[in-house]
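# Examining the three-dimensional arrangement
Here is how the chains run, residue by residue.
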Amino acid sequence: MRSAVVEYRGWKEGSRCGYCASARGKVSVGMWAHSMTVQDYQDLIDRGWRRSGKYVYKPIMNQTCCPQYTIRCQALRFQTSKSHKKVLKKMLKFISKGDVSKVVSEEEPMDSHIEDVVPSDFAYKSESQVSQTELTPLNEDHAEGAENEDKDNVETNVKKVESGSLQIPVDKDAAGPGEPSHSSKTVHAPPKPGKGADLSKPPCRKAKDIRKERKLQKLLQNQMGTLEGSPLQAGHQALLSQNSKTPTNQPKSIEDFIFVSLPDDAPHKLEVRVVRSSPPSSQFKATFQESYQVYKRYQMVIHKDPPDKPTINQFTRFLCDSPLEAENPPNGPECGYGSFHQQYWLDGKIIAVGVIDILPYCVSSVYLYYDPDYSFLSLGVYSALREIAFTRKLHEKAPDLCFYYMGFYIHSCPKMRYKGQYRPSDLLCPETYVWTPIEQCLPLLELSKYSRFNQDAKAVDEGRIKDLGRVRVLHKRTIMPYSVYKKRRKGPSDEASVQQYASLVGQTCSERMLLFRS
């Protein structure tokens, strides 16, 4: 497997903010990623980074005008809200009956996937001028024994969920909500009385339903006495299983709305296809032009871009190019890991495309664009729900993959608060990089737009840089630890820049990725 190769671009402040319209309030750091493993990117987004094309950036949270908090939804425990069900029913009615409802729910955001990076910012993110030859290592210098040899010490402690089951699991131990991301912990605090349900406990059930279930269980046990292993027993067990898994008061899941039998004479057909965008698959290439035309119309109608702005080049660099290496391990999802386009085909034409990354622990949403003629279907919300269902499906084959990352939650920008409606969800603490249930974060964000969510005053960033000398560097096509490179470097010291880079990516990534130095 190739090592990630990155060029650190450093600090950028005083740029225009797309959320509050401040002319010079945005502060972030960035790096150009020539290549990157899916594990590297997973670890980076668990430290507040995010990609736009091959540019990977991180807001400087305590200085930027609109702090952007990484948000993830616990897909396995996700429950549809009333407004989510309205959107799912609206799509179902449209496909099965042709009903067109143009009334938009007040709870529904105008655009569910507004960009977190304005595409025009690519002037700053101009492509690297470094040649491919310079980026190809010839040898590795292990001088002073400072090179880190630890290649893959990630253990998977998540228990497998029975294949085919999409029931929402109940956490039986006190660990965080389905915590596979070993680089990031979850902080829980029990809710105060009268402040809502404790999400760490199973949902309440009516005593009447519990009594019914017990009675049925007893009845079936008595009936099955001498039928061990017979087909009759299997039928009874299926009935019992059905009763125990779907109590009468259990709310409908996303799958109950999506995977339903349609009438033979249904006026519309919706198909969702997942195509690999990087490296581009044959299906991706065959549909590229049609997909681009949808993007162009979306940008012009929804975001009021002039016709000459959403060019093919901009579309390719912003939503098709990706630094992520495609990986297809035997224990991973069937489609593999990497970058994909999830295409929504209605009656043989593309009406929406969700740009996603499939990573070891999550599906990460990058962007959504759709045909404005179908705005009445609330495709922003619908696609998010489909992506949550997709995450749950992938989890069946890849048990560690159980989160849906929605990019950034921006509390100081009201139109970006919609992401908090997908529950249960967690926000990433900007100082200690632990996950905190959003219910505990919102009161803090009401008081201040920047907040440390980890209330343990003694807690520190466990992944912080501890030894700068161990940072891996690619210099003159040779891989070496920074301690060696530092002695060989001619000219002014670059230690401050390397220190800044390492502190932001963390010790693990800094020892695994290659920092290009000319």
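Refer to the structure printed above.
Residues numbered from 1 in each chain as written. Predicted model: local features only at pLDDT ≥ 70, side-chain atom pairs only at ≥ 80, totals over all residues. Heavy atoms only, no water.

All right, on to the overall build of the protein chain then. Counting its regular elements, the protein chain contains 12 helices and 16 strands. Across the 518 residues in the protein chain, those meeting the buried criterion constitute 53%. Of all intrachain contacts in the protein chain linking residues separated by at least 6 positions in sequence, the fraction that spans at least 24 positions is 72%. (Helix = DSSP H or I, 4+ residues; strand = E, 2+ residues; numbered from the N terminus. Buried < 20%, exposed > 50% of the residue type's maximum accessible area, 1.4 Å probe, protein only. Contact = heavy atoms within 4.5 Å.)

Our focus in this paragraph is the nonpolar core. Ranked by internal contacts, the top residues of the largest apolar core, which has 122 residues, are Met31, Met36, Tyr369, Tyr422, Tyr501 and Met513. Tallying contributions element by element places helix H9 (residues 379-397) first for this core, with nine residues. Other than its neighbours up to four places away in sequence, Met513 contacts Ala4, Val6, Met31, Met36, Asp40, Leu44, Arg472, Tyr501 and Val505. (Core = buried A, V, L, I, M, F, W, Y, C linked by side-chain atoms within 4.5 Å.)

This part takes up helix H1 (residues 38-45). For H1, a buried count of eight out of eight residues is recorded, marking the element as mostly surrounded by other parts of the structure. Among the residues making up H1, those that are buried are Val38, Gln39, Asp40, Tyr41, Gln42, Asp43, Leu44 and Ile45.

Moving on to the pattern of salt bridges. According to the stated counting rule, one finds 17 salt bridges in the structure shown. Residues Asp373 and Arg297 are paired through a salt bridge, measuring 3.4 Å at the closest nitrogen-oxygen approach. Residue Asp373 is found in the loop between strand E10 (362-370) and H9, and its partner Arg297 is found in helix H7 (residues 288-301); the two are separated by 76 residues along the sequence. On the basis of relative accessible area, Arg297 is assigned to the partly exposed category, the value being 34%. Close ionic contact of Arg517 with Asp494 constitutes a salt bridge, the shortest N to O distance being 3.0 Å. A residue pair is termed long-range when its members are at least 10 positions apart, and Arg517 in strand E16 (residues 514-517) and Asp494 in the loop between helix H11 (482-488) and helix H12 (495-512) qualify at 23 residues. On the accessibility criterion, Arg517 (13% relative accessible area) is buried. (Salt bridge = Lys/Arg side-chain N within 4 Å of Asp/Glu carboxyl O.)

Neither face of strand E14 (residues 472-475) is open: one carries Arg472 and Leu474, the other Val473 and His475, and all of them are buried. Judged from the four bridges that link them, E14 and strand E15 (residues 478-481) form a sheet pairing that is antiparallel. Within E15, the residue paired with Val473 across the bridge is Met480. Turn length for the E14-E15 hairpin, with the two strands adjacent in sequence and antiparallel, is two residues, and the turn residue Lys476 shows positive phi of about 50°. One ladder, built from three bridges, connects E14 with E16; its direction is parallel. Its bridge partner being in E16, Leu474 is matched across the sheet by Phe516. (Pairing = 2+ DSSP bridges.)

All right, on to unusual backbone geometry then. Of the consecutive residues Ser278 and Pro279, the connecting peptide bond is found in the cis state with omega at -10°. Mapped onto the secondary structure, Pro279 falls in the loop between strand E7 (270-278) and helix H6 (282-286). Backbone torsion omega between Arg423 and Pro424 reads -5°, so that peptide bond is classified as cis. Take Pro424: it is sitting in the loop between strand E11 (403-409) and strand E12 (425-428). Of note in this structure, Tyr433 is not a glycine but carries a positive phi near 55°. With respect to the helices and strands, Tyr433 occurs in the loop between E12 and strand E13 (435-437). For Lys476, which is not a glycine, the phi torsion comes out positive at approximately 50°. Residue position: Lys476 is located in the loop between E14 and E15.

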